[in-house]
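# Descriptive structure summary
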Amino acid sequence: DQALANQQLPPEFAWPTHDLQPPPDVPVEEMAKHIPAECFYIRLGKFSNYLWFDQLQEDYGGDLSTMVSLRAYEYQMSERGEKQLGLEKTVLGDLFGEAVIADVALLGRDTFLEEGGAFGILFQARNGLLANDMKQQQKRAFEKFKDRGAKMEIVKIAGKDVSFLSTPDNRLRSFYAADGLFHLVTTSRAIVERFLEAGAGKGALADTAEFRFT
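What counts as what
Residues numbered from 1 in each chain as written. Predicted model: local features only at pLDDT ≥ 70, side-chain atom pairs only at ≥ 80, totals over all residues. Heavy atoms only, no water. Helix = DSSP H or I, 4+ residues; strand = E, 2+ residues; numbered from the N terminus. Contact = heavy atoms within 4.5 Å. Areas by Shrake-Rupley, 256 points an atom, 1.4 Å probe, with all protein chains shown as cover. Core = buried A, V, L, I, M, F, W, Y, C linked by side-chain atoms within 4.5 Å. Buried < 20%, exposed > 50% of the residue type's maximum accessible area, 1.4 Å probe, protein only. Polar contact = N/O pair within 3.5 Å; in protein donor to acceptor, adjacent residues only side chain to side chain.

## Details of the overall build of the protein
- When helices and strands are tallied, the protein shows 7 helices and 7 strands.
- Its helices and strands taken in sequence order, the protein reads β-α-α-α-α-β-β-α-β-β-β-β-α-α from the N to the C terminus.
- In the protein, of all internal contacts separated by at least 6 residues, the share reaching a separation of at least 24 is 60%.
- When the accessible area of the protein is evaluated, it comes to approximately 12900 Å², of which 54% is carbon and sulfur surface.

Structure (structure tokens):
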């Protein structure tokens, strides 16, 4: 038997009000101007920090609480996430990462990565080499998953052409969007749309009083 949903919803949470007044000239990194205000944001800075964080995920299962407590419970999140995004550790990244990539950040709309959360990785490039490398990675991922029904197509999001690589079971689900020197790879169409909007000055994290105050 199925229970009836006949109970009233609890009252809406009364969020406390605040009056933050950040300095008008507070320095804000360019990366934050392309992050949607509603997304979590973990800025890693230089590419070597990204490689360190990636290794940390491999060592402690990709779960932030596990990294802090140092319990070796293995979720295999880093490997799973990279496969779903179609990313790989490339020769370009290993040898020339700092010369090609100026900044790196993780972003997402939820933290349920084990279940398949909406997350992505944003790179700030120094030049055009990164775009070529991203496209080559997508092609290799497509070839690898072709026997699983992989599709690679161009979809229109927020008026821009975005590359979408996927399989029917979503084992591979990767949107790749570029906005100038900023390159986003994500599992979420909504994040792509908001990334492009944020870059155009609509709802960017860098413009919020909370972020500037912090």
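## Re the nonpolar core
- Counting residues in each nonpolar core, the largest one holds 24 residues, and the members touching the most others are Leu122 and Val192.
- Going through the elements one at a time, β2 (101-108), β4 (151-157), β5 (160-166), β6 (173-179), β7 (182-186) and α6 (189-199) are the ones with two or more residues in this core.
- Looking at which element gives the most residues to this core, the answer is α6, with 4 residues.
- Apart from residues no more than four positions distant in its own chain, Leu122 is found in contact with Met31, His34, Ile35, Asp103, Val104, Ala105, Leu107, Phe182, His183, Leu184 and Phe195.
- By size, the runner-up hydrophobic cluster in this structure holds 15 residues, among which are Leu85, Val100, Ile101 and Val185.

## Let's talk about the environment of Asn6
- Along the chain, Asn6 falls in the segment before β1 (40-45).
- Owing to a relative accessible area of 54%, Asn6 belongs among the exposed residues under this scheme.
- Looking at Asn6, its side chain comes within polar contact range of the side chain of Gln7, at 3.1 Å.

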